[in-house]
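If you want the building blocks of each chain, they are given just below.
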Amino acid sequence: MEIPSALRNALKHASMVTAFTGAGISAESGVPTFRSAGGVWKKMRPEELASMEGFLRNPVLVWEWYAERKRIIADVQPNPGHRALAQMQDLFPRFEVVTQNIDNLHRRAGSRVVHELHGNIERNYCMACGRNFSNEAVLAMEGVPLCIECKGQIRPDVVWFGESLPEDAWEAGVHAAEYADVFFSIGTSAVVYPAASLPVMARRAGALLVEVNPEPTPLTPDVDVFLQGAAGEVMPAVYECALRERKDKR
Ligand code: BJW
Ligand code: ZN
């Protein structure tokens, strides 16, 4: 893949690079996305599954969905897109991943600085007393998992619609946007806020804004460089390019 000269040049001089990721980067690992063809929302409105109203209305259905996704995610491996980001962190003084994904695949690929905006599917907690539960424990319970301490309902530690993002992760994400010299938006439809405001924030603060996606998104008209394609193909090419450009810096 041909890397445009604007990106080559920015990679050569960058002190800080931020990679903002969405479900698309995990698609090649076999994790279904939310909104593209075949995505999990196809038959269901998002709010019916990923909201407190949806959970209280039908906890059995919501837990079936999470149990299935927990099993899928436990079985999959990071792909060349995740691995390219882990390799890129050693080429720059600062390199941070800001992810909307809850699947832990960036850390498993070796990325050291990962800010999780929407939580992590490997954790669960009791809505009544706050006690934490492992996936192993909740998946062994039948039906809707209940707290062994207080019998409260257990939920996955993820961010549903209408809920605030974890403050520390959000602040770190804003910081990583504002200080980036190059900001990649990878595999996200860029429609869920406030996460989707980060790429625009980065560009306003002076970053070169680069989007990686097989399809254009609402963000595409505002980016400096659109690299059309799958993250697992595009990001290894970006890494190779960065490696060449940074040779004399290492
Ligand atoms: C590839 C690829 C390959 C495929 N390589 N790419 C009106 C306007 C603005 C905001 C709102 C509004 N009404 C309501 C809101 C707020 C709401 C919101 O944004 N709604 C919009 C949808 C309208 N946001 C919230 O509620 C957020 N909280 C909040 O605002 O708090 C303040 C508040 C408090 C109290 C009351 C009100 C407000 C919280 C949002 C939480 C989102 N949660 C989820 C579920 C997480 C848990 C779980 O996984 O179960 O997060 S929803 C889901 O969407 C998930 C994702 O992280 C998120 C983003 O999806 P993503 O990652 O972009 O995936 P897709 O599927 O959409 O896109 C995949 C992309 O990959 C596609 O573009 C493909 O082309 C591409 N692709 N293969 C590269 N190989
Ligand atoms: Zn409890």
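The numbering scheme is per chain: residues are counted from 1 as the chain's sequence reads. In the order they appear in the text, chains get letters beginning with A and ligands get numbers beginning with 1. In view of the model being predicted, local features appear only for residues whose pLDDT reaches at least 70, and side-chain atom pairs are presented and counted only at 80 or more, with totals across whole chains, interfaces and linings using the full set of residues. Hydrogens are left out, water is left out, and the side-chain values use all remaining heavy atoms of the structure.

Enquirer: Where do I start with the domain arrangement of the protein chain in this structure?
Expert: Accessible area lost when the parts come together is the quantity often used to give the size of an interface. Domains are outlined according to an automatic or database domain assignment. Per the domain assignment, the segments of the protein chain are domain 1 (5-31 + 78-118 + 164-249) and domain 2 (39-75 + 126-158). Each of domain 1 and domain 2 has a C-alpha centre, and these two points are 29 Å apart. Between domain 1 and domain 2, the residue contacts involve 6 residues of the former and 4 residues of the latter. Between domain 1 and domain 2, the buried area comes to about 420 Å², and carbon and sulfur atoms account for 67% of it. We count a salt bridge whenever a side-chain nitrogen from Lys or Arg sits within 4 Å of a carboxyl oxygen from Asp or Glu. Across the domain 1-domain 2 interface, the total number found is 0 salt bridges. Here a residue-residue contact requires only that any non-hydrogen atoms of the pair lie within 4.5 Å. Here the quantity called buried area is the accessible surface, traced with a 1.4 Å probe, that two parts lose on coming together, added over both.

Enquirer: Got a minute to help me understand the environment of Y125 in this structure?
Expert: Numbering goes from the N terminus for both helices and strands, where a helix is a DSSP run of H or I of at least four residues and a strand is a run of E of at least two. Mapped onto the fold, Y125 is located in strand β4 (residues 119-126). Classification of residues uses two cut-offs on accessible area relative to the type maximum, computed with a 1.4 Å probe and protein chains only: under 20% is buried, over 50% is exposed, and between them is partly exposed. Assessed through its relative accessible area of 24%, Y125 is described here as partly exposed. Taking the C-alpha atoms as reference points, Y125 and R203, 78 residues apart in sequence, are found 37 Å from one another. With sequence-adjacent residues up to four places away left out, Y125 is seen in contact with G130, R131, N132, Q153, I154, R155, P156 and D157.

Enquirer: Mind showing me how you'd approach the packing of helix α6 (residues 80-88) against helix α11 (residues 231-245) here?
Expert: Close contact between α6 and α11 brings their axes to 7 Å; oriented N to C, the two are set at 20 degrees. Classed by the angle they form, the pair α6 and α11 counts as roughly parallel. Classified by chirality, the crossing of α11 by α6 is left-handed. Along the contact surface, α6 presents P80, G81, A84, L85, Q87 and M88, while α11 presents A231, G232, M235, P236, V238 and Y239. Amino acids are sorted into nonpolar (Ala, Val, Leu, Ile, Met, Phe, Trp, Tyr, Cys and Pro), charged (Asp, Glu, Lys and Arg) and polar (every other residue, Gly among them). A class-by-class count of the residues in the contact of α6 with α11 yields 9 nonpolar, 3 polar and no charged. Between N-to-C directions, angles cover 0 to 180 degrees, with each direction set by a line fitted to C-alpha atoms, over the stretch in contact for helices. Should an angle fall under 35 degrees it is taken as roughly parallel, and over 145 as roughly antiparallel, whereas 65 to 115 is taken as roughly perpendicular and any remaining angle as oblique. If you view the pair so one helix is near and one far, a crossing is left-handed when the near helix is turned anticlockwise from the far one by less than a right angle, and right-handed when it is turned clockwise.

Enquirer: Explain the coordination of the zinc ion (ligand 2) here, please?
Expert: Think of it this way: four donors in a tetrahedron around the metal ideally sit 109.5 degrees apart, and six in an octahedron ideally sit 90 or 180 degrees apart. A 2.8 Å cut-off from the metal defines N, O and S donors, relaxed to 3.2 Å for Na, K and Ca; water is not in the atom list, so some sites may appear incomplete. Bound to the zinc ion (ligand 2) are the protein donor atoms C126 (SG), C129 (SG), C147 (SG) and C150 (SG), situated 2.3 to 2.4 Å from the metal. When its relative accessible area of 42% is taken as the criterion, C129 is described as partly exposed.

Enquirer: It is not clear to me how the sheet that holds strand β9 (residues 225-228) should be interpreted in this structure. Could you clarify?
Expert: Hydrogen bonding along the main chain pairs the strands of a sheet, whether they run parallel or antiparallel. Pairing between strands is defined by DSSP: at least two bridges between the two strands are required. Pairing is parallel across the open sheet formed by 6 strands, whose spatial order is β3-β2-β1-β7-β8-β9. Bordering the open sheet on either side are β3 (114-116) and β9, each of which pairs with just one other strand. Between one strand axis and the next, the sheet turns by 15 degrees as a mean value, whatever way the strands run. Helix-sheet contacts for helix α9 (residues 167-178) involve β1 (16-21), β2 (94-99), β3 and β7 (182-186), and the interaxial angle to β2 is about 130 degrees.

Enquirer: I tried to follow α11 on my own but got confused; where do I start?
Expert: Since the α-helix advances by 3.6 residues per turn, residues separated by three or four positions end up pointing in the same direction. By definition here, a helix of n residues has an expected span of 1.5 Å times n minus one. For α11, spanning 15 residues, the distance from its first C-alpha to its last is 20 Å, which sits close to the expected 21 Å at 1.5 Å a residue. Taken together, the buried positions of α11 are A231, G232, V234, M235, A237, V238, Y239, C241, A242 and E245. Looking at the buried residues of α11, the elements they touch are α1 (5-13), α2 (24-27), α6, β7, β8 (208-213) and β9.

Enquirer: Even after reading the chapter, I still don't get the pairing of β4, so can you show me in this structure?
Expert: Each regular strand shows side chains that alternate between the opposite faces of the sheet. Bridge count for β4 against strand β6 (residues 154-158) is 4 bridges, and the pairing is antiparallel. Pairing of N124 across the sheet is with P156, part of β6. Bridging between β4 and strand β5 (residues 132-134) involves 3 bridges; their strand directions are antiparallel. Note that in β5 the partner of Y125 across the bridge is N132. Hairpin remark: β4 followed by β5, antiparallel, with 5 residues in the connecting loop; positive phi at G130, about 85 degrees.

Enquirer: I tried to follow the site of ligand 1 on my own but got confused; where do I start?
Expert: By convention in this text, a residue qualifies as near a molecule or strand provided that one of its non-hydrogen atoms is within 4 Å of it. Residues in contact with ligand 1 amount to 35 residues; listed here are only the nearest, R35, Y66, T188, S189 and Y193. By the criterion applied in these results, polar contacts are pairs of N or O atoms within 3.5 Å in which, for protein atoms, one can donate a hydrogen and the other can accept it, and in which residues neighboring in sequence qualify only through two side-chain atoms. In the model, a nitrogen atom of ligand 1 is placed 3.4 Å from a nitrogen or oxygen of the G24 main chain. At 2.6 Å, a side-chain N or O of Y66 approaches an oxygen atom of ligand 1. When ligand 1 sits alone it has 1500 Å² of accessible area, and the protein chains cover 73% of it. Elements that contribute at least two residues to the shell around ligand 1 include exactly α2 and α5 (59-75). Its residues placed into classes, the shell around ligand 1 shows 19 nonpolar, 11 polar and 5 charged. A 1.4 Å probe and the Shrake-Rupley method give the accessible areas. Residues count as covered only by the protein chains that appear here.

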